[in-house]
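# Coordinate inspection notes
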Number of protein chains: 2
Amino acid sequence: MIQEVSGLLENIITSKDNPVIKLYQKLNSSKKDRFQYGLFVLEGLRIVQDALNESADITHLIITENSAGKYPELFQADLRDTKIIVISNELGNRISATTTTQGVFAICRIPQPIKPVFTDNGKYIVLYGLQDPGNVGMIIRTADALGIDGVIMSGTCDLYSPKVIRSTMGSVFRINIYVENDMESLFSMLTGNNVMTSAGVIDGETLLTDCTFTGKQAVFVGNEGNGLPAEVSRRCNRRITIPMNGNINSLNVAMASGILMWEMQRSKD
Amino acid sequence: MIQEVSGLLENIITSKDNPVIKLYQKLNSSKKDRFQYGLFVLEGLRIVQDALNESADITHLIITENSAGKYPELFQADLRDTKIIVISNELGNRISATTTTQGVFAICRIPQPIKPVFTDNGKYIVLYGLQDPGNVGMIIRTADALGIDGVIMSGTCDLYSPKVIRSTMGSVFRINIYVENDMESLFSMLTGNNVMTSAGVIDGETLLTDCTFTGKQAVFVGNEGNGLPAEVSRRCNRRITIPMNGNINSLNVAMASGILMWEMQRSKD
């Protein structure tokens, strides 16, 4: 594959009007375009490497002239279905979302939505209405680290936005993530699969320290500013609260989710 | 006090060479200046309000022309020892670290370092070599929310940098924070007070799920990239690990600290 890159070096793309570059930029900035094309973008050695390791469906690997020889590990993956293009360093700087780019980019196919599998003792986190990409990414990353069985997103910011993808640190390729934006469908899916639902709220009737999480369990967490809508919280089987000191705003939603997921996983022991 | 502000409106400061403005900017950008003057800065309604509520020692309250009449709640605090100055909106934009400023700023005295009090059942978190202000702020905020008895910082980024202060969301005024940059002094302080020490590491001999935290306990967490130095980890009474799935980099240090603090606090029940 290294030789293949050498060949590509003779055909370096420099024009910002190149159709792949134009596509990359569209996907980078527009949720609508990501949805329409069924594609999203990656930037950075680590995340592209993660995508390759997890056999993500990469349509284009885009690499700058300077970086083409620098990361031979990239070309050890199976790239038969991937088009590799080399671009000028200048063009790399142009399409990069960072100030100092590593010069490694990819276009990736959005996986077909697969209904989550609710295993016997499965633990799930439901992100309801979260809007901060950093929080969503951090929760996905933590869910992966703690071995949570699935993340369900409902009415949140776009999973495939570059900011969310970046902050998952590759976990987006390792954990089951399912998007269901309709509240009715969400609850019938959970109820139909005998999943017990808990709303993470600030004034629940049960303290987290008094909870057990046996069997199939899903914990809902809500929007950064407003928490869970009362309607959603009411429909859950119980409302649970992390005991907190004084100021109710002190736990950010990613941190609260981390503690809730940790407690769910402890129940597996 | 509102009348006092009306008076000040007749004397709006517009010059960037005003000594208070120059001091504010120095403190905003330089750790050395913060140390030398024993002062640090705050920006934003919420954090200034928190500082006032917690009786922080505010030397100057700086407010823009537009904001002077907008937040009467600020002037309900005891401001006898605080100099209030009104500045032009333009000057407010100039000194602000945000793109859309609320026009509320303060200069605050750094509290005298007080030796931490190690209470009988006290739980402490030791931040060793952390460099990301967002992580440090998030940990302080979480420690406050979970009711941790104290945060000890050693070789970390400056507690009084505007980024750390901002990300603590006011917790910096509510929780005991102590800085001890010398490793020997740190360990003799802990050992001398019969505090059991645990190092949070990725390959410890004890899983967090098998730990108890009775009595006085301090958990060490380390630098974002390198973790705890082996020397520090070895000197702790035990090395504990959060059980993790696959990728060892998945838990960020703030999240790991949150889970460790949560477990310490559960031991209090």
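Residues numbered from 1 in each chain as written. Chains lettered and ligands numbered in written order. Predicted model: local features only at pLDDT ≥ 70, side-chain atom pairs only at ≥ 80, totals over all residues. Heavy atoms only, no water.

Turning to the overall build of chain A, a few remarks are in order. From N to C terminus, chain A includes 11 helices and 11 strands. With respect to the principal axes defined by its C-alpha atoms, chain A has extents near 65 × 35 × 30 Å. Buried positions account for 55% of the 269 residues belonging to chain A. Put simply, of all contacts in chain A between residues at least 6 apart along the chain, 77% involve residues at least 24 apart. Of the roughly 12,200 Å² of accessible surface on chain A, a fraction of 47% belongs to carbon and sulfur atoms. A gap of 3 Å separates the mean positions of the 25 positive and 28 negative side-chain charges of chain A. (Helix = DSSP H or I, 4+ residues; strand = E, 2+ residues; numbered from the N terminus. Buried < 20%, exposed > 50% of the residue type's maximum accessible area, 1.4 Å probe, protein only. Contact = heavy atoms within 4.5 Å. Areas by Shrake-Rupley, 256 points an atom, 1.4 Å probe, with all protein chains shown as cover. Lys, Arg positive; Asp, Glu negative; His and termini not counted. Charge placed at Lys NZ, Arg CZ, Asp CG, Glu CD.)

We now examine the sheet that holds strand β1 (residues 39-43) of chain A. Within a sheet, each strand pairs with its neighbour through backbone hydrogen bonds, oriented either parallel or antiparallel. Residue and element names in this part refer to chain A. Sheet architecture is open: 4 strands sit in the order β1-β4-β2-β3, paired in mixed fashion. Across the chains shown, the open sheet's two edge strands, defined by having one partner strand only, are β1 and β3 (83-87). Averaged over all neighbouring strand pairs, the angle between strand axes comes to 20 degrees, with direction disregarded. On top of the sheet, helix α2 (residues 19-29) reaches β1, β2 (58-64), β3 and β4 (104-109); it is set at about 95 degrees to β1, its chief contact. (Pairing = 2+ DSSP bridges. Axes fitted to C-alpha atoms, helices over the stretch in contact; angles between N-to-C directions.)

This part takes up the packing of helix α7 (residues 133-146) of chain B against helix α11 (residues 253-266) of chain B. Residue and element names in this part refer to chain B. Interaxial distance between α7 and α11 falls to 9 Å at its minimum, and their mutual angle equals 20 degrees. The angle between the axes of α7 and α11 places the two elements in the roughly parallel class. Helix-helix and strand crossings are classified by hand; for α7 and α11 the assignment is right-handed. Residue-level contacts link Asn135, Met138, Ile139, Thr142, Ala143 and Leu146 of α7 to Val253, Ala254, Ser257, Gly258, Met261, Trp262 and Gln265 of α11. Split into classes, the residues belonging to the contact of α7 with α11 amount to 8 nonpolar, 5 polar and no charged. (Parallel < 35°, antiparallel > 145°, perpendicular 65-115°, else oblique. Left-handed = near helix turned anticlockwise from the far one by under 90°. Nonpolar A, V, L, I, M, F, W, Y, C, P; charged D, E, K, R; others polar.)

This brings us to α7 of chain B. In an α-helix, one full turn covers 3.6 residues, which means residues spaced three or four apart are oriented alike. All names here are of chain B. With 14 residues, α7 extends 20 Å from end C-alpha to end C-alpha; this agrees with the ideal 20 Å at 1.5 Å per step. Counting buried positions along α7 yields 13 of 14 residues, so the element is predominantly enclosed. Where α7 begins, the capping side chain belongs to Asp132, and its oxygen is found 2.9 Å from the backbone nitrogen of Gly134. Following α7 by one or two positions, Gly147 has its phi on the positive side, about 75 degrees. (Expected span 1.5 Å × (residues − 1). Polar contact = N/O pair within 3.5 Å; in protein donor to acceptor, adjacent residues only side chain to side chain.)

What follows is about the sheet that holds strand β7 (residues 177-179) of chain B. All names here are of chain B. Read across the sheet, 7 strands follow the order β7-β6-β5-β10-β8-β11-β9 without closing on themselves; strand pairing throughout is parallel. At either margin of the open sheet sits one strand with a lone partner, and together these are β7 and β9 (206-207). Summarising the sheet, strand β5 (residues 123-128) and strand β6 (residues 150-154) pair through 5 bridges and their orientation is parallel. For Tyr124, the partnering residue across the bridge sits in β6 and is Gly150.

Right, let's talk about the interface of chain A and chain B for a bit. Residue-level contacts link 29 residues of chain A with 29 residues of chain B. Overall, the association of chain A and chain B removes approximately 2,600 Å² of surface from exposure, summing both partners, and the carbon and sulfur fraction of that is 59%. If you sort the residues of chain A by the area they bury against chain B, Ala145, Met255 and Trp262 of chain A come out on top, with a joint share of 24%. Linking chain A with chain B are 2 salt bridges. (Buried area = accessible area lost by both parts, 1.4 Å probe. Salt bridge = Lys/Arg side-chain N within 4 Å of Asp/Glu carboxyl O.)

What follows covers unusual backbone geometry. One non-glycine residue, Ser55 of chain A, lies in the positive phi region at around 55 degrees. The topology assignment puts Ser55 of chain A in the loop between α4 (45-53) and β2. By relative accessible area, Ser55 of chain A is classed as exposed at 64%. Here the phi dihedral of Met169 of chain B falls at roughly 55 degrees; this positive angle occurs in a residue that is not glycine. Residue placement: Met169 of chain B occurs in the loop between α8 (162-167) and β7. Residue classification places Met169 of chain B among the partly exposed positions, given a relative accessible area of 30%.

Residue and element names in this part refer to chain A. In strand β11 (residues 238-241), alternate side chains face the same way, and those of Arg238 and Ile240 on one face and Arg239 and Thr241 on the other are all buried. Note that strand β9 (residues 206-207) and β11 share 2 bridges and pair parallel. If you follow Thr206 over to β11, its bridge partner there is Ile240.

This next bit is on the relation of the copies chain A and chain B. Rotating chain A by 180 degrees and moving it 0.0 Å along the rotation axis overlays it on chain B with an RMSD of 0.0 Å. Expressed as a symmetry operation, the mapping of one chain copy onto the other fits a two-fold axis. In this assembly, 100% of the residues forming the interface of chain A have copies in chain B that are likewise at the interface, indicating an isologous arrangement. (Least-squares fit on C-alpha atoms with pLDDT ≥ 70 in both.)

For chain A, per-residue confidence averages 92 on the pLDDT scale, and 96% of positions sit at 70 or higher. Interface predicted TM-score (ipTM) for the complex: 0.90; the corresponding pTM is 0.91. (pLDDT = per-residue confidence, 0-100.)

Within the largest apolar cluster, 117 residues are counted, with the highest numbers of intra-cluster contacts made by Leu42 of chain A together with Leu42 of chain B. With residues up to four places along the chain from it excluded, the contact list for Leu42 of chain B reads Tyr24, Ile47, Val48, Ala51, Val104, Phe105, Ala106, Cys108, Ile165 and Phe173 of chain B. (Core = buried A, V, L, I, M, F, W, Y, C linked by side-chain atoms within 4.5 Å.)

Right, let's talk about the environment of Ser67 of chain B for a bit. Residue and element names in this part refer to chain B. Residue position: Ser67 is located in helix α5 (residues 65-68). The exposure class assigned to Ser67 is buried, which follows from its relative accessible area of 3%. Sequence separation between Ser67 and Gly129 is 62 residues, and the spatial gap between their C-alpha atoms is 39 Å. Excluding residues that lie within four positions of it along the chain, Ser67 makes contacts with Gln102 and Gly103.

We now examine the pattern of salt bridges. Overall, the coordinates contain 21 salt bridges over all chains when judged by the stated rule. In this structure, the salt-bridge partner of Arg109 of chain B is Asp57 of chain B, at a minimum N-O distance of 3.2 Å. Of this pair, Arg109 of chain B sits in strand β4 (residues 104-109) while Asp57 of chain B is found in the loop between α4 (45-53) and β2 (58-64), placing the two residues 52 residues apart along the sequence. With relative accessibility at 43%, the residue Arg109 of chain B sits in the partly exposed group. Residues joined by salt bridges that share partners form a network here, namely Arg46, Asp50, Asp144 and Arg174 of chain A.

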